[in-house]
Amino acid sequence: MQKHSKIFVAGYRGLVGSALLRKLRALGYSNIAVGDRAELDLRERRAVDEHFAREKPEYVFLAAAKVGGILANETYKAEFIYDNIAIASNVIDASYRNGVKKLLNLGSSCIYPKLAPQPLKEDYLLTGPLEPTNEPYAIAKIAAIKMCRYYNEQYGTNFLSVMPTNLYGPGDNFNLETSHVLPALIRKFHLAKLLKQGKIEELRTDIARRPLGFGLQLAPKADGKEVETLLGRVGIAATAVELWGTGSPLREFLYVDDLTDAVVFLMSTYDYRQVGEFVNIGAGKDLPIKELAERIRQIVGFAGEIRFDSSKPDGTPRKLLDVSRMRSLGWEPKIGLEQGIKLTYESYLFE
Ligand code: GFB
C-alpha cells in the first residue's frame, strides 16, 4: 500500500472506521474514499457496485458493520444477521469484481464457540456451539471470513481477515441501551458523579447531547427531581450505579488506536497466505467485569457503590484471544487499559 494508493474505508463513521481514517491520514495516505452514508448504503448491492465503479479502490478496509453490546445483539437479531451478511457480501464481491489488490476484513472474537478452551486459538473456529446472545452477529462474521477465504482460493484474490477482541476508544457509542460495557460504564459513573455533586445543568446538557437509550428523554426545563428519576430508570443514582449481569465474566479490551495500528501494519506488510484464514488481534490479558467497573469508577471519580443486576445477561463467561500468531508476525499493542480508559473518558467529556 503506497501513500498515493486509492483506499476505501467502509464504515468510516464507526469506532474502528473513524480511527482508521485518523491513522491513515496521520501516516500520509491521501487518497481515501469513504462514501457518503446518504448515498452509499452498503446493504444495497447497486449502491456498492456504483461506488466501486466510480472510485476504483485498490485497497479496502471492511470496517462497516451493525454492532452493539449484549442487549442490542439480543434485541435486534434479524438486523444483526441480515445487515452484516449483506454488507460483507456486497463489499467482498465488489472488491473481487473491481480487481481490488487487497482487502482487510474485520471480524470479532465472538466467532469462537462459547465454551472453547482459553486462550482462543484461531484453530478453534467452528469447533462447538456459539454464545446465544450474539449468535446472529457471529454467524455473519464467520460467513465473511469464509467468503474471503474461498474468494482467495477460487479467484486468487488477496483478502485478509482479522478477529479483534472487544474494542473501545474515542468515537465509541455511549447510548446505554446499545453500547458495549466499557463506554456504558464510563457514562454511568460520570452521570452518577454529576448527580452526587448536584450538577443538574451539566446532566441536562449531557443527556441532550447523546441519547441515553430506551427511548428516555428529558423535558427541556426538567428539574433536579425529574433528572434523578430518569437516571434511576437506567440504574444510576447519587449513591450507587447498577451494572448488568453478575460482574464475573472475563473480557479482554483493546484500545482502538492499537487495532488500527495492527491493521495498517498487516495491510502494508502481509499477504493472506502468510496470515492464514484469519488472525486474532488482542491485548493478551483479560479481567472480570467487576474489576473493570472498579477501575472505571476510580478514573471517573465516582465515590459510590457498584451493584449488579443478575437478571440481566452475562454473555459468554470468557473470550481471551491467543495472540501468539500476531506476535509472530511482529506486532504488539502499546496502550494499556488504564491509559486507554483515561483517553476515552477525556474524549467523552470534550468531543
Ligand atoms: O460489552 P458487552 O455488551 O458485550 O458486555 P459482550 C460485556 C459484559 O459486561 C457482559 C456486562 O457480561 C454484560 O452483562 N455489563 C455490565 C454491561 N454492565 C453493563 C452495561 O451497562 N452495558 C453493557 N453493554 N454491558 C459483545 C457481543 O458481547 O461483544 C458482540 O454481543 C461483540 O457481538 C462484542 O462481539 C465485541 O462482550 O458480552
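About the cut-offs
Residues numbered from 1 in each chain as written. Predicted model: local features only at pLDDT ≥ 70, side-chain atom pairs only at ≥ 80, totals over all residues. Heavy atoms only, no water. Phe/Tyr/Trp six-rings, centres within 6.5 Å; stacked < 30°, edge-to-face > 60°. Helix = DSSP H or I, 4+ residues; strand = E, 2+ residues; numbered from the N terminus. Buried < 20%, exposed > 50% of the residue type's maximum accessible area, 1.4 Å probe, protein only. Lys NZ or Arg CZ within 6 Å of the ring centre and 35° of its normal. Pairing = 2+ DSSP bridges. Right-handed = clockwise from strand over helix to strand, strands pointing away.

Visitor: Which residues make up the packing of aromatic side chains, and what are the values?
Guide: Enumeration over the complete set of coordinates arrives at eleven aromatic pairs. Their ring planes at 50 degrees and their centres at 4.7 Å tell us that F174 and Y348 sit as a pair that is tilted. With F174 in the loop between β6 (166-168) and α6 (181-196) and Y348 in helix α13 (residues 337-350), the pair connects residues that are 174 residues apart, well separated along the chain. For Y348, a relative accessible area of 1% puts it in the buried group. Measuring from ring centre to ring centre gives 5.9 Å for F265 and Y270, while their planes differ by 75 degrees; the resulting arrangement is edge-to-face. Exposure remark for F265: the relative accessible area of 23% places this residue in the partly exposed category. Members of the aromatic cluster, joined through ring pairs, are Y96, Y151 and Y155. Positioned above the aromatic ring of Y29 is the side chain of K3, whose terminal nitrogen or guanidinium carbon lies 5.2 Å from the ring centre.

Visitor: Got a sec to walk through the pairing of strand β1 (residues 7-10)? Specific residues and values, please.
Guide: Walk down a regular strand and you will see the side chains alternate between the two sheet faces. Both faces of β1 are covered, namely the face carrying I7 and V9 and the face carrying F8 and A10. In this sheet, strand β2 (residues 32-33) lies alongside β1 in parallel orientation, the contact comprising two bridges. The residue bridging I7 from the neighbouring strand is I32, located in β2. Assessed by its sense of winding, the connection that carries the chain from β1 through helix α1 (residues 15-26) to β2 is right-handed. For β1 and strand β3 (residues 59-62), the ladder comprises four bridges, and the chain directions are parallel. In the strand pairing of β3, A10 is matched with L62.

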